[in-house]
Amino acid sequence: MALPATEAFTDSDSVQLTTHDSSWTLNSGDFDIFSNQLRVDDAGNQAYIAAHWNADSFDDDQYAEAVAKLQTAGDWNYLGVSVRCAAAANTFYSILWASTASGQKVLSKVVAGSQTTILSGFGAAWSANAVLRLEAEGTTLRVYDDGVQEGGDQTDATIGSGSAGVAGWDDTAGNNNNTLYDDWEGGNLAVSYTLTADQGNYILTGQLISLPVAKKVIAIQGSYALTGQIVTLPVARAALIASQGNYILTGQAVNLPIAWQAGMVQGNYVLSGQDVTLIASIGAVLVATQGFYVLTGQAVTLLLAWILTINQGNYTLTGQTVIFSFSGEVIQIYTADVIVNLTPTIIMLCNILPNVSILANPSPTKEVEIG
Amino acid sequence: MIRFYILPIETIKNNRGPKYFNFMPGPPDPTKLSIPFSLKDYGLIDAALIAADITQAQHEQLVAKPDVGATPLDIDQNISDIAIPKVIAVMEQLRIPADWVDNTYTYRQILRMIGGLFMFAQRYHGMHNAQLIGNVAQLDSRWNRIPQARRTKILETADSLGYEYGNIQNSWKVRRMLKYLGDKWGNTPLHFGFITL
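About the thresholds
Residues numbered from 1 in each chain as written. Chains lettered and ligands numbered in written order. Predicted model: local features only at pLDDT ≥ 70, side-chain atom pairs only at ≥ 80, totals over all residues. Heavy atoms only, no water. Helix = DSSP H or I, 4+ residues; strand = E, 2+ residues; numbered from the N terminus. Contact = heavy atoms within 4.5 Å. Areas by Shrake-Rupley, 256 points an atom, 1.4 Å probe, with all protein chains shown as cover. Buried area = accessible area lost by both parts, 1.4 Å probe. Salt bridge = Lys/Arg side-chain N within 4 Å of Asp/Glu carboxyl O. Polar contact = N/O pair within 3.5 Å; in protein donor to acceptor, adjacent residues only side chain to side chain. Core = buried A, V, L, I, M, F, W, Y, C linked by side-chain atoms within 4.5 Å. Buried < 20%, exposed > 50% of the residue type's maximum accessible area, 1.4 Å probe, protein only. 1 Å grid on protein atoms, 1.4 Å probe; cavity = no way out; pocket = protein on both sides within 12 Å on 5 of 7 lines; lining within 4 Å. Points joined across faces, edges and corners; volume = space filled by probe spheres on them. Nonpolar A, V, L, I, M, F, W, Y, C, P; charged D, E, K, R; others polar. Phe/Tyr/Trp six-rings, centres within 6.5 Å; stacked < 30°, edge-to-face > 60°. Lys NZ or Arg CZ within 6 Å of the ring centre and 35° of its normal. Pairing = 2+ DSSP bridges. Axes fitted to C-alpha atoms, helices over the stretch in contact; angles between N-to-C directions. Parallel < 35°, antiparallel > 145°, perpendicular 65-115°, else oblique. Left-handed = near helix turned anticlockwise from the far one by under 90°.

*Asks:* Describe the overall build of chain A, listing the residues and the values that go with them.
*Replies:* Within chain A one finds one helix and 33 strands. Counted over contacts in chain A with a minimum sequence separation of 6, partners at least 24 positions apart contribute 51%. Summing over all exposed atoms, chain A offers an accessible surface of approximately 15,300 Å²; the carbon and sulfur share of this is 52%.

*Asks:* Report on the interface of chain B and chain A, specifying residues and quantitative values.
*Replies:* Contact residues are listed per partner, giving 16 residues for chain B and 19 residues for chain A. Between chain B and chain A, a total of about 1,400 Å² is buried, with carbon and sulfur atoms accounting for 57% of that surface. Considering only the side of chain B, the residues that lose the most area to chain A are Asp81(B), Ile82(B) and Lys86(B), jointly responsible for 43% of the buried surface there. Our count for the chain B to chain A interface comes out at zero salt bridges. Seen at the junction of chain B and chain A, the total is four residue pairs in polar contact (both at pLDDT 80 or more). Put simply, the parts of the chain that give the side of chain B that touches chain A at least two residues each are α1 (56–63) and α2 (84–93) of chain B.

*Asks:* Give me the nonpolar core: which residues, what numbers.
*Replies:* In terms of nonpolar packing, the biggest core is built from 61 residues, with Tyr42(B), Met91(B) and Leu132(B) touching the most fellow members. Ranked by residues supplied to this core, first place goes to helix α3 (residues 107–128) of chain B with 10 residues. Beyond its immediate chain neighbours, meaning those up to four positions away, Tyr42(B) contacts Ala47(B), Leu94(B), Arg95(B), Ile96(B), Pro97(B), Leu117(B), Phe118(B), Ala121(B), Leu132(B) and Leu178(B). By size, the runner-up hydrophobic cluster in this structure holds 36 residues, among which are Ala51(A), Tyr93(A), Trp97(A) and Ala130(A).

*Asks:* Let's hear about the layout of surface pockets: which residues, and what values?
*Replies:* Counted as a void, the second largest pocket has a volume near 420 Å³. Lining the second largest pocket are 22 residues, with Gln46(A), Tyr48(A), Gln115(A), Gln77(B) and Ser80(B) positioned closest to its centre. Of all the secondary-structure elements, those providing two or more residues to the lining of the second largest pocket are β5 (47–53) and β10 (114–122) of chain A. Here the residues of the lining of the second largest pocket sort into eight nonpolar, 11 polar and three charged.

*Asks:* Can you lay out the packing of aromatic side chains for me, pointing to particular residues and giving the numbers?
*Replies:* What describes a pair of aromatic rings is the distance from one ring centre to the other and the angle between the planes of the rings. Enumeration according to the criterion identifies 12 aromatic pairs over all chains in this entry. Between Phe21(B) and Phe37(B), the ring centres sit 5.3 Å apart and the planes meet at 65 degrees, which makes this aromatic pair edge-to-face. Taken as a pair, Phe21(B) in the loop between β2 (15–18) and β3 (37–42) and Phe37(B) in strand β3 lie far apart in primary sequence, 16 residues in all. Accessibility expressed as a relative area gives 28% for Phe37(B), which makes it partly exposed. In this structure, Arg133(A) packs its charged tip against the face of Tyr63(A), placed 4.0 Å from the ring centre. Lying over the aromatic face of Phe192(B), Lys40(B) brings its terminal NZ or CZ to 4.6 Å of the ring centre.

*Asks:* Which residues make up the environment of Asp183(B), and what are the values?
*Replies:* Within the secondary structure, Asp183(B) sits in helix α5 (residues 174–183). For the pair Asp183(B) and Gly115(B), spaced 68 residues apart in the sequence, the C-alpha separation amounts to 9.3 Å.

*Asks:* I'd like a rundown of the sheet that holds strand β7 (residues 78–85) of chain A, residues and numbers included.
*Replies:* Residue and element names in this part refer to chain A. A sheet is described by the order of its strands in space; here seven strands give the open sequence β2-β5-β14-β7-β8-β9-β10, paired in antiparallel fashion. Either end of the sheet is taken by a strand with one partner, and the two such strands are β2 (24–28) and β10. The sheet shows a mean angle of 25 degrees between the axes of neighbouring strands, direction not considered. Pairing of β7 with strand β14 (residues 163–170), which is carried by six bridges, proceeds in the antiparallel orientation. Bridging across to β14, Ser82 finds its partner in Gly165.

*Asks:* A description of the pairing of β3(B) should follow, citing residues and the corresponding values.
*Replies:* Residues and elements named next belong to chain B. When β3 meets strand β4 (residues 45–53), the two strands line up antiparallel, connected through six bridges. Looking at the pairing, Phe37 lines up with Ala52 of β4. Counting the residues in the hairpin turn of β3 and β4 gives two residues, including Gly43, whose phi is positive at 65 degrees.

*Asks:* If you had to explain the packing of α3(B) against helix α4 (residues 148–160) of chain B to someone new, which residues and values would you point to?
*Replies:* Packed helix pairs are characterised by how far apart their axes lie and by the angle those axes make with each other. Residues and elements named next belong to chain B. Two elements in contact, α3 and α4, have axes separated by 9 Å at closest approach and are oriented at 115 degrees. As far as their axial angle goes, α4 and α3 are roughly perpendicular. With respect to the hand of their crossing, α3 and α4 are arranged in right-handed fashion. Contacts from Phe120, Arg123, Tyr124, Met127 and His128 in α3 reach Arg150, Lys153, Ile154, Glu156, Thr157, Ala158 and Ser160 in α4.

*Asks:* Lay out the side chain of Asn27(A) with the relevant residues and their values.
*Replies:* Residue and element names in this part refer to chain A. Topologically, Asn27 is positioned in strand β2. Under the relative-accessibility criterion, Asn27 is labelled buried at 7%. There is a polar contact of 2.7 Å between the side chain of Asn27 and the side chain of His52. Within the local environment of Asn27, its side chain forms a polar contact with the backbone oxygen of Ala86, the two atoms lying 2.9 Å apart.

Structure representation (structure tokens):
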């Protein structure tokens, strides 16, 4: 087995979860399957119940998610997901979602069968096909509803490790077909500190690609390839350094927002897509020593609020609408096939369109030559 | 084991009793529970707070009914957040105000408030041969908007029980009045035959 683990609950009706797949272990209560979905099947003890995936070993920092399929009003069993389930004890964190107008998500910890609410009554109202997700990272617990975090970061240090799984509230004895979840997934959380590829490749392909890096991304010889409909590589107050590797982002909307520093020694930044944006906000340094910044797309924007330094590299912007906005010295150039020599350091080439207009608002000490 | 439930009362041939329980003379209905129970009704409103000597299998049969509210075996634990929606729904549909229920209350405290309110309703029934409130919607009527005659009857009932009610405000809703009156039972034991709340 390998993580992330997934479960589609495909089986005959009324098959118990642990019978369906021995990869599941009950922490408390019981679950079974109906219409190829998960449901509560217990004794009506009004208890928080859970089961976990036992076929893989999870990191302490883990997640579980599932799709909420059905929650009939007036039905009092609830389902959700769990993380850090103990191997055998009735101990776990869980997020459950009741069918009230207020949403009534309940984030709990259960320790040896004793439940404590960490946060309740938060989040959006119940919605079919929403993905309910619970993450545990260090002492932080996070709940997501269809990718939107709800309830903020919650802190609890009680349960430090375990396995991801499913959870439920057993109100009504027996099983019923009015509370159903599907498509469970459990796995380890992505690295939140350093992402280093010495020789390897990072390839992310999908509809929504996001590689958020809060500290440092280093590609020494490897490649980062992000391909999808919406591709984002946000680097917040961090260093993005390509020594010899490539950063290639290809998609319909491609974003490389950098809040601090992006440096390239020999590598390339290639952003290709319909809407391509390379944003370096105030305080950021965009340095190309020998590398290339290549932005190709329908709407290409290279926004720089501070410093753009090229020693031997190139900045190439190619597209239907090309904007090079450099607000540090208030120089703006739109859609120009022009070589702009901005004393002393910057050289830029753009594809040409007719009726070029150039807005230049230099300081009195700056010269702008257009050839 | 003894467990508490809130459920509707049904009438069979002029006999009122707990729904899902056998209470009529003659051969028992096999689909209902034939077990010892002790019940307090909501006056002439068809709702009951019942203590039953029940097996686990019988309990599972009973709590599967959508109009039955049950407590855990340990009624001295605080009500769980996840259980609150059902508790509120079951209580409100039986004209028992439940907007005050939150996780700071134990199940025992909730049951005692309900029991205290039922005792008031029974006194009201005895004095005035009427339901304390006519329907669920009246829970949200303002005290000073309900007919004067009914307000008088309620206050007369409170007088007969020795309740002080000087804090009542005209702006209060009926639901708040009923909670107030239910709480007036105080710490007086509520006896259910084989068990006391």
